[in-house]
Amino acid sequence: MRALIVYESMFGNTRAVARAVAEGIEASMHADILEVGAAHDTVPQDVTLLVVGGPTHALSMSWPSTRRDAAGRSPSVISRGRGIREWLGGLPGVMAGSRTEATTFDTRATAHLSGSAARAASRRLDRLGYPLVAAPVSFRVMTLTGPLAGGELGRARAWGRNLGVEVVARRASNIS
């Protein structure tokens, strides 16, 4: 079994969460992590769990214009090319015989707003035919550029660990 974590990150916060999620998943299965610009245009057939993460911009997944705005705030922006919106928009539907399950996460500066990149990405994955293994999760950053709020990396590791355990258990019960 193998997990693939595809992330978009502007200032490094979402990348840090993606790495922590991967560390948690590694307790149950191998986990690869890719910045969205390096991700393939299809999900490999051997991926058991797809996790997609990105920052919340303008109450949803980033747009080219919001990524340009982020780049204007820092010379060290990580995801300069396509974002998860474009990557998900280019994915074909679930391939016949695929057993890939999916979930999403985001980072955002406030929990008071109703918009979420993770919820938008989750809806997109659902429309593509991916069974959703968990509800979207948000991780909080202190300001627009970070840092992450205290305890968020530990929470991301625990979430990843729970995801891995759940997917492995579900697969084992389907085999029995």
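This is a predicted model, so every value here is computed, not measured.

S.K.: Looking at this structure, I do not really get the layout of surface pockets. What am I missing?
M.R.: One water molecule sets the probe size; rolling that probe over the atoms shows where empty space is left. The calculated volume of the largest pocket comes to roughly 370 Å³. Taken together, 23 residues form the lining of the largest pocket, with Pro55, Thr56, His57, Ala109 and Leu144 sitting closest to its centre. Among the secondary structure elements, those contributing two or more residues to the lining of the largest pocket are helix H1 (13-25), helix H2 (64-73) and strand E4 (101-108).

S.K.: Explanation requested: empty space enclosed by the protein in the structure shown.
M.R.: For the coordinates displayed, the defined rule picks out 1 cavity of 30 Å³ or more. The computed volume of the largest cavity comes to approximately 80 Å³. Lining the largest cavity are Thr42, Val43, Pro44, Gln45, Pro92, Gly93, Val94, Met95, Ser98, Thr100 and Tyr130. In terms of residue class, the lining of the largest cavity is built from 6 nonpolar, 5 polar and no charged.

S.K.: Quick question: what am I supposed to make of the sheet that holds strand E1 (residues 2-7) here?
M.R.: Remark on secondary structure: sheet strands pair via backbone hydrogen bonds, oriented parallel or antiparallel. With parallel pairing, the 5 strands of this open sheet are ordered in space as E2-E1-E3-E4-E5. Where the open sheet ends on each side, the last strands, each with one partner, are strand E2 (30-35) and strand E5 (137-140). Taking each pair of neighbouring strands and ignoring which way they run, the sheet shows an average axis angle of 20°. The sheet contact formed by E1 and E2 spans 6 bridges and is parallel. Note on E2: the bridge partner recorded for Val6 is Leu34. With respect to the sheet, helix H4 (residues 117-127) is in contact with strand E3 (49-55), E4 and E5, its orientation differing from that of E4 by roughly 160°.

Calculation rules
Residues numbered from 1 in each chain as written. Predicted model: local features only at pLDDT ≥ 70, side-chain atom pairs only at ≥ 80, totals over all residues. Heavy atoms only, no water. 1 Å grid on protein atoms, 1.4 Å probe; cavity = no way out; pocket = protein on both sides within 12 Å on 5 of 7 lines; lining within 4 Å. Points joined across faces, edges and corners; volume = space filled by probe spheres on them. Helix = DSSP H or I, 4+ residues; strand = E, 2+ residues; numbered from the N terminus. Nonpolar A, V, L, I, M, F, W, Y, C, P; charged D, E, K, R; others polar. Pairing = 2+ DSSP bridges. Axes fitted to C-alpha atoms, helices over the stretch in contact; angles between N-to-C directions. Contact = heavy atoms within 4.5 Å.

Purely geometric stuff here, so don't read any function into it on its own.
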